[in-house]
Amino acid sequence: MAVNMEIFHQFLGQIAHLGERAEHVDLPDEKRVALAKEIFHQNIKAEQAGDLESCMHCGLCAEACHFRVGTGDPRYTPARKFELARRVYRREIGPFRWLYRLVTREITIDDLMEAQELVFDSCTTCGRCTLICPMGINVAGLVTTTRHALANAGLIPDDLAAVEQEQGSRGTVFGAGAEHLRKALERLAAQGLEAPLDKERADYLVLTSVVDLLLFNDQLASTVKLFNRLGVDWTFRSNAYEGANFGYLAGCGEVQRKATLRVIEEAVAIGAKAVIVPECGHAYPALRWEGADLYGKPLPFDVYAISEFLGLLVQQGELELDEALNGKVATYHDPCKVGRHSGVLDEPRAVLRKLGADLREMPNHGLLNWCCGGGAGLFVINRTVPLRRAAFEIKKQEVESTEAEMVVMACGSCRLNFIKGKDEMGLNGEIVSLVALVGEHLVRKSEPVASGREE
Ligand code: SF4
Ligand code: SF4
């Protein structure tokens, strides 16, 4: 299950030059400011207005953020990351705008550039600060609104913009398209692992992601093994296989909408009862929590993160795994978007226990898990390397305090960041994908998970 480090370094080499491919939007500064403000006016409704009115500057969120704690730099305090939104709200949207116009200055292009570093480089929208904030302010939500505002102003950082533009125009990510999926499946077939592709009807539409195709073939192979073993009616579709959504990450609404609708419409066309999202942290909320809004009505199928699906199978006694870990000490890293944001906390742990692991929790785990520092698109923004290292140092200490022989996760982006962190800073313990681990230890044919779920 070890990743080929030569391929990994080639992948990093590609990422290092992403920014050169970005198409720049040429606009006068005043126009950029106006475009950014347009989004704040559209998006700040009652909920975000309440958040912007509620901050009492207590500073407690400073201790929650891995970038603030890791660097010690007060600039990265979460409350500062919604300062731009607050200024526009106070001057132009809130009930006391007539007063704030007298005492607050108009935002400028310099303010947009300062916000760019705060909301793209130093926030993984992990949501940890919201748990610590006595007012429960959804900082990640305000950061996302600010990302959308900057995207509308043509101010997405180049590296991230290049990937978002590629997905928007060609539908591929890092050059990986349907042809890559087909070839990857042919390679698996040559090893005796057949996967259905483009079935016209299927109960389960299974997604994969670019990192599974290019780097983490063990995740792809194990997913195929799992669904074949379950004996359910499933398929990949070459028109909708990609779980990653760089429009969602970059704040580009149109690219997000297109990528999400592609999956939804394909799932509807084949009559899928469920869509299975691969080990890609943001892919899950992008479809599960935002999909229905973009579709304009409730989704006519269930959406499961694969770690959630595996856990449900285990909890319902429908997935037999050998206990091959045999007391091996393991710890589980919760991907923020699947764990804290979506509540998938018990399911992956049930799988690890079923495998016979001696599960040792990090001091901060579950809802309070520290982000690894590479999510929300930061992994592709090259200038964030020092910030990511500072954040990973916290994670490394948490992992090593458990003395685990393996750290298991269910997010390809976290896995990328962990491998890079280990490569540069060292880390005791093997870095392992949950689904890959399951694929190694399936023991017998099981029945499908019961359809439907309480919402
Ligand atoms: S959402 Fe996470 S990364 Fe962003 S400010 Fe809050 S704690 Fe920091
Ligand atoms: S903890 Fe909440 S109220 Fe306090 S400064 Fe941070 S965002 Fe504002």
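Predicted, not measured: the structure shown is a model, and the values here were computed from it. (Residues numbered from 1 in each chain as written. Chains lettered and ligands numbered in written order. Predicted model: local features only at pLDDT ≥ 70, side-chain atom pairs only at ≥ 80, totals over all residues. Heavy atoms only, no water.)

Bringing the domain arrangement of the protein into the picture now. The domain architecture assigned to the protein consists of domain 1 (29-155) and domain 2 (314-440). Here the C-alpha centroids of domain 1 and domain 2 sit 30 Å apart. Contacts between the two partners involve 23 residues from domain 1, matched on the other side by 23 residues from domain 2. The junction of domain 1 with domain 2 conceals about 1700 Å² of combined surface from both sides, 65% of it contributed by carbon and sulfur atoms. (Domains from an automatic or database assignment. Contact = heavy atoms within 4.5 Å. Buried area = accessible area lost by both parts, 1.4 Å probe.)

To continue, consider the packing of aromatic side chains. All told, the structure shown has 11 aromatic pairs when counted by the stated rule. Ring geometry for tyrosine 304 and phenylalanine 309: centres 5.6 Å apart, planes at 55°, overall tilted. Like tyrosine 304, the residue phenylalanine 309 is buried in the burial classification. Between arginine 388 and the ring centre of phenylalanine 379, over which it is positioned, the NZ or CZ distance is 5.1 Å. Positioned above the aromatic ring of phenylalanine 216 is the side chain of arginine 415, whose terminal nitrogen or guanidinium carbon lies 4.1 Å from the ring centre. (Phe/Tyr/Trp six-rings, centres within 6.5 Å; stacked < 30°, edge-to-face > 60°. Buried < 20%, exposed > 50% of the residue type's maximum accessible area, 1.4 Å probe, protein only. Lys NZ or Arg CZ within 6 Å of the ring centre and 35° of its normal.)

Sheet strands pair by backbone hydrogen bonding; their relative direction is either parallel or antiparallel. Judged by pairing direction, the sheet is parallel, and its four strands sit side by side in the order S2-S1-S3-S4 without closing on themselves. What marks the edges here is a single partner per strand, and that holds for strand S2 (234-235) and strand S4 (302-305). Here strand S3 (residues 274-277) runs beside S4; their pairing, made up of four bridges, is parallel. Paired with alanine 274 across the strands is aspartate 302, a residue of S4. Contacting strand S1 (204-206), S3 and S4, helix H18 (residues 306-315) crosses the sheet at an angle of about 95° to S4. (Pairing = 2+ DSSP bridges. Helix = DSSP H or I, 4+ residues; strand = E, 2+ residues; numbered from the N terminus. Axes fitted to C-alpha atoms, helices over the stretch in contact; angles between N-to-C directions.)

Let us now look at the nonpolar core. Counting residues in hydrophobic clusters, the biggest one holds 97 residues, and the most contacted among them are Leu112, Phe174 and Phe418. The element best represented in this core is helix H9 (residues 139-152), accounting for six residues. Shared between two domains, this core holds at least three residues of each, these being domain 1 (29-155) and domain 2 (314-440). In contact with phenylalanine 418, other than residues within four places in its own chain, are His333, Cys372, Phe392, Lys395, Val399, Val407, Met409, Leu427 and Ile431. Counting residues in each nonpolar core, the second largest holds 48 residues, with Ala221, Ala350, Leu434 and Val438 among its members. (Core = buried A, V, L, I, M, F, W, Y, C linked by side-chain atoms within 4.5 Å.)

Of all residues adjacent to ligand 2, which total 13 residues, the nearest are Cys55, Cys58, Gly59, Cys61 and Cys133. Across the shell around ligand 2, the residue classes tally to 11 nonpolar, two polar and no charged. (Near = heavy atom within 4 Å. Nonpolar A, V, L, I, M, F, W, Y, C, P; charged D, E, K, R; others polar.)

Here we come to the pattern of salt bridges. Tallying each qualifying case throughout the model produces 27 salt bridges. Here lysine 183 ties to glutamate 179 by a salt bridge, and the two come within 3.9 Å at their closest N and O atoms. Of this pair, lysine 183 and glutamate 179 are both found in helix H11 (residues 178-190), four residues apart, which corresponds to roughly one turn of the helix. Linked through salt bridges whose partners overlap, the residues forming this network are Lys37, Arg91, Glu92 and Glu106. (Salt bridge = Lys/Arg side-chain N within 4 Å of Asp/Glu carboxyl O.)

Scanning all chains against the criterion turns up zero disulfides. Cysteine 336 takes part in no disulfide bond, and the closest cysteine sulfur to it belongs to cysteine 371, at a distance of 3.9 Å. (Disulfide = S-S within 2.5 Å.)

A few words now on the environment of alanine 184. Residue position: alanine 184 is located in helix H11. For alanine 184, a relative accessible area of 4% gives the class buried. Between the C-alpha atoms of alanine 184 and valine 139, which are 45 residues apart in sequence, the distance is 39 Å.

It is worth spelling out the layout of surface pockets at this point. Estimates place the volume of the largest pocket at around 1000 Å³. Around the largest pocket, the lining is made up of 32 residues, and of these Gly141, Thr144, His148, Tyr248 and Glu290 lie nearest the centre. For the lining of the largest pocket, the secondary-structure elements that each account for two or more residues are helix H2 (29-43), helix H3 (46-54), helix H8 (128-132), H9, helix H14 (246-250), helix H15 (253-269) and helix H17 (291-295). Looking at the lining of the largest pocket residue by residue, the classes come out as 11 nonpolar, 14 polar and seven charged. (1 Å grid on protein atoms, 1.4 Å probe; cavity = no way out; pocket = protein on both sides within 12 Å on 5 of 7 lines; lining within 4 Å. Points joined across faces, edges and corners; volume = space filled by probe spheres on them.)

When pLDDT is averaged along the protein, the result is 95; 97% of the residues meet or exceed 70. Low confidence marks residues 446-455, where pLDDT is under 50. Its contacts with residues over four positions away, or in another chain, come to 33 contacts. (pLDDT = per-residue confidence, 0-100.)

Phi at histidine 57 takes a positive value of approximately 60°, unusual for a residue other than glycine. Here histidine 57 lies in the loop between H3 and helix H4 (66-71). Assessed through its relative accessible area of 54%, histidine 57 is described here as exposed. Phi at glutamate 403 is positive, roughly 60°, even though this residue is not glycine.

Another point: helix H20 (residues 385-401). In this model H20 runs 24 Å from its N-terminal to its C-terminal C-alpha over 17 residues, within 8% of the 24 Å that 1.5 Å per residue would give. Positioned one or two residues after H20, glutamate 403 has a phi angle of 60°, which is positive. (Expected span 1.5 Å × (residues − 1).)

In this section: the side chain of glutamine 48. Tracing the backbone through its elements, the reader meets glutamine 48 in helix H3. Setting aside its immediate chain neighbours within four residues, glutamine 48 contacts Asn43, Gly141, Leu142 and Thr145.

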